[in-house]
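What follows is the residue order along each chain.
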Amino acid sequence: MRDIELPGAFYVGRVRNAAGTTTDEPLLIDARDLTTHAVCIGMTGSGKTGLCLGLMEEAAIDGVPVIAIDPKGDIANLALSFPGLTPAEFRPWIDEDEARRQGRTPEQHAEAVAKRWSDGLAAWGEDGARVRRFRDSAEVSIYTPGDSSGIPLSPLASLEPPSESERTDDALLSERAGTTAASILALLGDESDALAPTHILLVAILASAWRGGRALDLAGLITAIQKPPITRLGVMELESVFPAKERFAFAMRLNALLASPAYAGWLSGEPLDVARLLYGPGGKPRISIISIAHLDDRQRMAVVALLFDRIVGWMRAQPGTSSLRALVYMDEIAGYAPPVANPPSKPPLMTLLKQARAFGVGLVLATQNPADLDYKALGNVGTWFVGRLQTDRDRDKVLDGIQSGASGRGLDRAAAASALTALASRVFLLHDVHGPAPLVFETRWTLSYLAGPMTRPQIARLRAQPSAGGAPAPAPVAPATAAAGHTGRSRPQLPPEIPQCVLPGGTAGTVYRPSVLGSARIVYSAAGGSDVVQDVHLIAELGALGPDWSQAREIAVASIDSLLASAPAAGASWAELP
Ligand SMILES: Nc1ncnc2c1ncn2[C@@H]1O[C@H](COP(=O)(O)OP(=O)(O)O)[C@@H](O)[C@H]1O
Ligand SMILES: [Mg+2]
């Protein structure tokens, strides 16, 4: 029998024999095989999540970091690992309703669950010591974009420029800018394609800043929409394709969105930094779970697209390798790489499927239905885990998918079809381009306690108790506030027809307040013919009732033109508009 702790080999389950009985033979998958990616397909309850959690546990034990996108909340179960296997460890996480239904006290139920877990592990040749190894090998952190129940993550706080090599390659630069632009537009519910002026303008603004190695924040982006760094879109004048008035309306829409309560948490939190998601201080591997269950569909799309995009950027900065460097997992992939449509998440995901192998980044994608994934994506997948399916049609579609790709060579369709009939839960067919014939196996017991989808309060509880596996929260970076808020880093937006200026002489500590400038020229006519001319400039702060001229103060400036030309001080803050 093979040793389940063989380095570089992932213990996923035990092989079944022709009679359909699970044998003692462990199924070990070579970690390197996952660099050609895996898909896991099966109906609800077939055991996909259990299998993939097992893969991530193996990755961690092997020192391979993981980024996992969690649409439902059950990947967060990876934070529930209890080396003592005692009822007390399980007690805070058991389902108390379930206990009631079974007529048990919570304590009795915790005891039953702890026993179930230690028996389950024992039956698969695992024990508390292996749970401890997993726990010690990687820090499990749960990120909640735009929300502080887990570690807040702000995918849009700072739009960092890509690496030098991507910046100097126009195709790569526009690819990266394209995904960021499409993600921002997705948040606005704007599904217009890459040819829409909004999309082209955002790409142009991002590319212009990034080419110069500059990061942009959203406030800068909103300003640039009104004062773009370009005068032409393609061969046409910007002003005729996308006039200032429409650009202002677009900037306002973006600003209003970000100022809405639903986005309150979007501008503060850790920036989306892939290296930081993968490795802790000292290079210790992490399992970073990006929980998106609390987000609406648009927000999910934007987060997933931006995350895939940043992974592409990170990956390209790594040296090539043939070993597995990192695992990227997404559960319930439906809608993110669909066959026909092209949502923002699809281009970066396709890029990963095509290119990540050379950089040792393996993708594991789980879904209920093979029709959820673009065939072109499936062509790049080397490993297939197929569990129980709903219908014969689903089975045929999976087999079509396997045959359509590189991994389909030599597939005995009839044998595979019969193996796929009437699979029990947790039983999967493995078809692997690297392996010999397809085989059937039963997934091993997970080291982590599968408590089911975790709620926000539970995630918050995990975070408060690092002992339960949640990482202590790193200090969030200073919030990059949008135009809303009392004072912020961003200049409030006004219609372009209103001339705007700042008083000269500001410093980084200056707070600019909205005021109205009144200018008058007083001409004293002298009898002798030589008039005396005096320009007076008054500024009145703008309150809720308009400018308060009774409190206006006079300022001394050389001319209105010089005033209009003065630039705001870098690092200054801006008070809110009334
Ligand atoms: N590897 C496993 N170890 C222990 N229990 C498992 C395992 N896989 C699945 N289960 C049990 O079966 C249930 C359904 O499996 P799950 O992986 O959630 O299915 P799917 O993701 O396909 O809907 C889980 O809630 C869990 O109770
Ligand atoms: Mg699942």
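Residues numbered from 1 in each chain as written. Chains lettered and ligands numbered in written order. Predicted model: local features only at pLDDT ≥ 70, side-chain atom pairs only at ≥ 80, totals over all residues. Heavy atoms only, no water.

**Topic: the nonpolar core**
Counting residues in hydrophobic clusters, the biggest one holds 93 residues, and the most contacted among them are L221, I290, L363 and W384. In this structure L221 touches L159, I184, L202, I205, L206, L216 and L254, once residues within four positions along its chain are discounted. In terms of nonpolar packing, the next biggest core, distinct from the first, is built from 62 residues, V64, A79, F82 and Y449 among them. (Core = buried A, V, L, I, M, F, W, Y, C linked by side-chain atoms within 4.5 Å. Buried < 20%, exposed > 50% of the residue type's maximum accessible area, 1.4 Å probe, protein only. Contact = heavy atoms within 4.5 Å.)

**Brief notes about the environment of Y524**
Residue placement: Y524 occurs in strand β18 (residues 515-524). Judged by relative accessible area, which is 43%, Y524 ranks as partly exposed. Separated by 10 residues in the primary sequence, Y524 and Q534 place their C-alpha atoms 8.2 Å from one another. Those residues in contact with Y524 that lie beyond four places of it in its chain are D531, V532 and Q534. (Helix = DSSP H or I, 4+ residues; strand = E, 2+ residues; numbered from the N terminus.)

**Overview of the confidence of the model for the chain**
Atom-level detail of predicted coordinates should not be read off regions where pLDDT is low. Chain-level pLDDT for the chain is 88 on average; 94% of the residues reach the 70-or-more range. Every residue in residues 467-485 scores below 50 in pLDDT, and together they form 43 contacts with partners more than four places removed in sequence or on other chains. (pLDDT = per-residue confidence, 0-100.)

**So, a nonpolar patch on the surface**
Taken together, the side chains of L517, I560 and L564 define a hydrophobic patch exposed on the protein surface, amounting to about 210 Å² of accessible area. In this structure, I560 sits in helix α19 (residues 560-565). (Patch = residues over 30% accessible without salt bridge, like charges linked within 9 Å, V, L, I, M, F, W, Y side chains within 5 Å. Areas by Shrake-Rupley, 256 points an atom, 1.4 Å probe, with all protein chains shown as cover. Salt bridge = Lys/Arg side-chain N within 4 Å of Asp/Glu carboxyl O.)

**Some points on the site of ligand 1**
Ligand 1 sits among 14 residues. The nearest are G45, K48, T49, G50 and R444. Between ligand 1 and S46, the relevant distance is 3.3 Å, taken from an oxygen atom to a main-chain nitrogen or oxygen of the residue. When isolated, ligand 1 has an accessible area of 550 Å², and the protein chains bury 79% of it. Top element by residues in the shell around ligand 1 is helix α1 (residues 48-61). It accounts for three residues. Residues that form the shell around ligand 1 fall into these classes: three nonpolar, eight polar and three charged. (Near = heavy atom within 4 Å. Polar contact = N/O pair within 3.5 Å; in protein donor to acceptor, adjacent residues only side chain to side chain. Nonpolar A, V, L, I, M, F, W, Y, C, P; charged D, E, K, R; others polar.)

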